Amino acid sequence: MYVLDDKDRALLAELQRDSRQTVQQLAAAVGLSATPCWKRVKDMEVAGVIRESVGLALCVLAEVNLTQHTENTVREFERAVAACPQIVSCHSTTGAADYTIMVLVEDIKSYEAFLHDTAFKLPGVTHIRSSVVLKEVKAAAGVPIAGTARAARPARKARRAR
C-alpha cells in the first residue's frame, strides 16, 4: 500500500489542476527539485495512486430530477453542483432524469452522508436515483480523433474463383 505524504498530496493537487505541466513546473509548485518530483510521480503511477488510490473508492452514478425547470432553479442547481467537490461530473440529460451526476466518495457511509448533507439540499432537487458502480469497464481520458477510431468492420468474404 502506498502511503501519501504532504508532497505527494501537493503533487496530486497540482496534477489535477493542470496535468500538462512540465516536471520543472510541478517541482517548483510543490517545492521539490525536478528529479525527486519526477520519481514521486512515476512511483505513484506504478503504485496506482494517481489513477485509483486517492481514498475515493466508491463511485456512484445518480440521476437527479428537479422540482421545476425555471431559469433560476436550473442556474442555482448548476452553480451548487459546480461548487461541490464530490460531484466530479454532471450532465443535463433527456429521458427520465434531468441530470446525471458522478459522485466519488470514500465508502457507502460517506455516500449516505453526502446524500443527506449535500445532494438532497441542492436547489430544486426533488428526487435522486443512485447506482453504485461495481467495476469500471472503460474510462477513456481522451476523445476520439476523427478518422483514427474506426468501428470494427466485418471481414470481407473471399471471392470464389470461377
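Please refer to the structure placed before this passage.
About the cut-offs
Residues numbered from 1 in each chain as written. Predicted model: local features only at pLDDT ≥ 70, side-chain atom pairs only at ≥ 80, totals over all residues. Heavy atoms only, no water. Helix = DSSP H or I, 4+ residues; strand = E, 2+ residues; numbered from the N terminus. Buried < 20%, exposed > 50% of the residue type's maximum accessible area, 1.4 Å probe, protein only. Arc of directions from axis to C-beta. Contact = heavy atoms within 4.5 Å. Polar contact = N/O pair within 3.5 Å; in protein donor to acceptor, adjacent residues only side chain to side chain.

**Student:** Describe the environment of leucine 134, listing the residues and the values that go with them.
**Tutor:** Position of leucine 134 among the secondary structure elements: in the segment after strand S4 (125-132). It is 8.2 Å that separates the C-alpha atoms of leucine 134 and cysteine 59, two residues lying 75 residues apart in sequence.

**Student:** Tell me about helix H6 (residues 108-117), and name the residues and values.
**Tutor:** Inspection of H6 places Tyr111, Phe114 and Leu115 among the buried residues, and these make up the whole buried set. In a view along the axis of H6, the buried residues occupy a sector of 100 degrees, so they form one face of it. Residues of H6 that are exposed and point over 90 degrees away from its buried face: Lys109 and Asp117. On its buried side, H6 packs onto strand S1 (58-66), strand S2 (87-92), strand S3 (99-105) and S4. Two to three positions downstream of the cap, the backbone nitrogen of lysine 109 sits 3.3 Å from a side-chain oxygen, assigning the N-cap of H6 to aspartate 107.

**Student:** How would you sum up the side chain of aspartate 8? Please name residues and give values.
**Tutor:** Mapped onto the secondary structure, aspartate 8 falls in helix H1 (residues 6-17). Excluding residues that lie within four positions of it along the chain, aspartate 8 makes contacts with Tyr2, Val3, Arg40 and Met44.

What is shown is where atoms sit, not what they do.
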